[in-house]
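Structural overview
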Amino acid sequence: MSRSLRRGSIAAIAAIAIASLSSCAAGNTPDTLQIKPDNAAATLGTNLRLNNIVVVTGENTAGDYTGAASVVVNIANTANIPAELQSVTVGGAAATFADAAGAPLSSIVVPAGGAVAIGGQGNPSATVASATVHVGGFAPTVFTFKDGQKVEAQAGVNPNLGLYSGYGPTTSPTATPAKTATPGATAPATGATTPGAPTTGAAVPAGTTAPAVPAAH
């Protein structure tokens, strides 16, 4: 083989190697692989960011499921005025809001320049009484704010286990009604006078002598 052909072959092999390495490097970038976050996120305008949107069902749930579910999300507000979340729906079913102590809320306010985590201990909650979802799949979840703006996301549906343990819906214990006393069933207290019973004698104050009873003639 001539010296010029040999040089051409080496150059061709080098070019192929460089091209292969370049394609591998490009293939490892998130843009090329289209890597997406595990949990849904959305931006509303330039000021509101909703991160880690998840629908959490009960602990022993799987597959197709209809029942209570909690919505978990972190909402950041970079505006200089508060934002007010007025409603959340999961598959069309509306959630009810409550504060960290369980008291009902009509809306959840995200302070100006701050953030609010919804779901989990110590945070406000958004709970759907009966959502129809597929555990392990995705559910259309809509957030509506006071100004009418909406965020629509496909939220992942996970059971109340592992990473989401403690984020699922909780059922308040049912209170046992107090027993009602049956009229006439309570026995009179010791020492009390039974209505209609004859009086056996007047009480004598302590330290005094009872008057003598006259003898019969």
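Parameters and conventions
Residues numbered from 1 in each chain as written. Predicted model: local features only at pLDDT ≥ 70, side-chain atom pairs only at ≥ 80, totals over all residues. Heavy atoms only, no water. Helix = DSSP H or I, 4+ residues; strand = E, 2+ residues; numbered from the N terminus. Contact = heavy atoms within 4.5 Å. Pairing = 2+ DSSP bridges. Buried < 20%, exposed > 50% of the residue type's maximum accessible area, 1.4 Å probe, protein only. Core = buried A, V, L, I, M, F, W, Y, C linked by side-chain atoms within 4.5 Å. Salt bridge = Lys/Arg side-chain N within 4 Å of Asp/Glu carboxyl O. pLDDT = per-residue confidence, 0-100. Polar contact = N/O pair within 3.5 Å; in protein donor to acceptor, adjacent residues only side chain to side chain.

Okay, the overall build of the protein next. Scanning the protein from terminus to terminus reveals two helices and 11 strands. Helices and strands in the protein line up, N terminus first, as α-α-β-β-β-β-β-β-β-β-β-β-β. Across the protein, contacts joining residues at least 24 apart in sequence account for 63% of those joining residues at least 6 apart.

Pairing of strand β4 (residues 83-90) with strand β5 (residues 93-98) involves two bridges; the strand directions are antiparallel. Paired with Val90 across the bridge in β5 is Ala93. In textbook terms, the turn of a hairpin is the stretch between consecutive antiparallel strands, and for β4 and β5 this stretch comprises two residues, one of which, Gly91, has a positive phi near 60 degrees. Pairing of β5 with strand β6 (residues 104-105) involves two bridges; the strand directions are antiparallel. Paired with Ala98 across the two strands is Pro104, which belongs to β6.

With phi around 50 degrees, Asn52 is a residue other than glycine that occupies positive phi space. Examined against the element boundaries, Asn52 turns out to sit in strand β2 (residues 48-57).

Turning our attention to the side chain of Thr57. With respect to the secondary-structure elements, Thr57 resides in strand β2. With relative accessibility at 0%, the residue Thr57 sits in the buried group. Aside from chain neighbours lying at most four places away, what touches Thr57 is Tyr65, Ala68, Ala69, Val133, Val135, Val157, Asn158, Pro159, Asn160, Gly168 and Pro169.

The next thing to look at is the nonpolar core. Counting 35 residues, the largest nonpolar core has Ile75, Leu85, Phe143 and Phe145 as the members making the most contacts within it. Excluding residues within four positions of it along the chain, Phe143 makes contact with Leu50, Ile53, Val71, Val73, Leu85, Ser87, Val88, Gln149, Lys150 and Val151.

Further remarks concern the pattern of salt bridges. Applying the stated criterion across every chain yields a total of one salt bridge. Residue Lys146 pairs with Glu84 through a salt bridge whose shortest N-O separation is 3.7 Å. In this pair, Lys146 is assigned in the loop between β10 (138-145) and β11 (150-159) and Glu84 in strand β4, connecting sequence segments 62 residues apart. Residue Lys146 is classed as exposed on the basis of its relative accessible area, which comes to 56%.

What follows concerns the side chain of Ser70. Position of Ser70 relative to the elements: it lies in strand β3 (residues 63-77). By relative accessible area, which is 7% here, Ser70 ends up buried. What Ser70 contacts, discounting residues up to four positions off in sequence, is Val54, Val55, Val56, Ala126, Thr127, Tyr167, Gly168 and Pro169.

Mean pLDDT for the protein: 73, with 61% of residues reaching 70 or above. A low-confidence stretch, residues 10-37 stays under pLDDT 50, and its non-local contacts, those more than four residues away or across chains, total five contacts. Within the model, the stretch residues 172-217 combines pLDDT values under 50 with two contacts to residues more than four positions away or in other chains.

What follows is about the pairing of strand β1 (residues 40-44). Alternating positions in β1 separate cleanly, Ala40, Ala42 and Leu44 being buried on one face and Ala41 and Thr43 remaining unburied on the opposite face. Where β1 folds back onto β2 in an antiparallel hairpin, the turn is made up of three residues, including Gly45, whose phi is positive at roughly 65 degrees.

This part takes up the environment of Phe97. Its place among the elements puts Phe97 in strand β5. Take Phe97: its relative accessible area is 6%, and that puts it in the buried class. Residue contacts for Phe97: discarding those within four places in its chain leaves Leu85, Gln86, Ser87, Val88, Ala103, Pro104, Leu105, Ser106, Ser107, Ile108, Ser125 and Ala126.

As for its position among the elements, Asn123 is in the loop between β8 (114-118) and β9 (125-135). The exposure class assigned to Asn123 is partly exposed, which follows from its relative accessible area of 25%. Between the C-alpha atoms of Asn123 and Gly102, which are 21 residues apart in sequence, the distance is 9.6 Å. Setting aside residues no more than four positions away along its own chain, Asn123 makes contact with Asp99, Ala100 and Ala117. Only 3.0 Å separates the side chain of Asn123 from the backbone oxygen of Gly119, close enough to count as a polar contact.

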